[in-house]
Amino acid sequence: MIPFLLFLCHRRGTTTIRASPDVVKNTIMDFEVSTKWDALLREIIVLEQIDGHTDIVLMKYVAEHCLLREARDFVVLMHWFKRAEDNSIVIVAHSIDYPKCPPQVGYTRGDMICCGYLISPLKDNYDISRVTQLATVNLNKVTAFMANYVVRTEPVCLHRLRRFIHERYDRVSGSSG
């Protein structure tokens with residue numbers, strides 16, 4: 001039997017998106033479209049809305065696309081804020097214990113230790129954003145090989161986010177670039 005030890009997945013990715021930080025933030029925080037750009041995400045359910053900047057959500061991820069035996073879910077406190085000094089937007093997420101949402105049947109409960117996005121406008125063009133995603137996640141019950149596999153494949157998510165935003169807003173504006 002292969003031992004399942006604590007293997008944390010650490011990932012960092014950065015991309016540039018032809019959209020303002022507000023558009024990028026709104027796309028990330030629009031839970032109804034998240035599954036269109038995050039191929040591993042099955043659904044996000046808002047469990048409690050704290051205020052206009054903070055939600056407690058249940059995030060359910062599929063297993064079949066990343067070779068895990070069981071799907072994962074996370075109960076997460078998500079919060080966003082805008083930094084006044086440079087108009088950057090920060091989105092942070094951290095797993096919490098939430099008694100109203102026990103572990104789901106068919107899922108292994110993961111732990112988002114620290115995850116988030118820094119979305120910064122370029123100095124010379126507010127309509128272009130530099131997006132950095134950072135994450136430290138405990139997927140629970142995975143081998144070192146699987147943890148490394150997930151880390152190597154997940155940055156594709158930022159590419160999909162960029163493509164989704166470009167296709168969505170280029171189509172709306174009629175742009176061709």
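If you're wondering where the values come from, they're calculated on a predicted model, not measured in any experiment.

### Details of the confidence of the model for the protein
- Within the protein, residue pLDDT values average 83, and 77% of them lie at 70 or more.
- Considering only residues more than four positions removed or in separate chains, one finds that residues 1–5, a stretch of pLDDT under 50, has six contacts.

### Thoughts on the pattern of salt bridges
- Per the counting criterion, the structure on display carries five salt bridges.
- Close ionic contact of lysine 60 with glutamate 43 constitutes a salt bridge, the shortest N to O distance being 3.7 Å. Placement of the pair is lysine 60 in strand β3 (residues 54–61) and glutamate 43 in strand β2 (residues 41–51), with a sequence separation of 17 residues.
- Residue glutamate 43 is classed as partly exposed on the basis of its relative accessible area of 32%.
- Through salt bridges with shared partners, one network takes in Arg83, Glu85 and Asp86.

How each quantity is defined
Residues numbered from 1 in each chain as written. Predicted model: local features only at pLDDT ≥ 70, side-chain atom pairs only at ≥ 80, totals over all residues. Heavy atoms only, no water. pLDDT = per-residue confidence, 0-100. Contact = heavy atoms within 4.5 Å. Salt bridge = Lys/Arg side-chain N within 4 Å of Asp/Glu carboxyl O. Helix = DSSP H or I, 4+ residues; strand = E, 2+ residues; numbered from the N terminus. Buried < 20%, exposed > 50% of the residue type's maximum accessible area, 1.4 Å probe, protein only.

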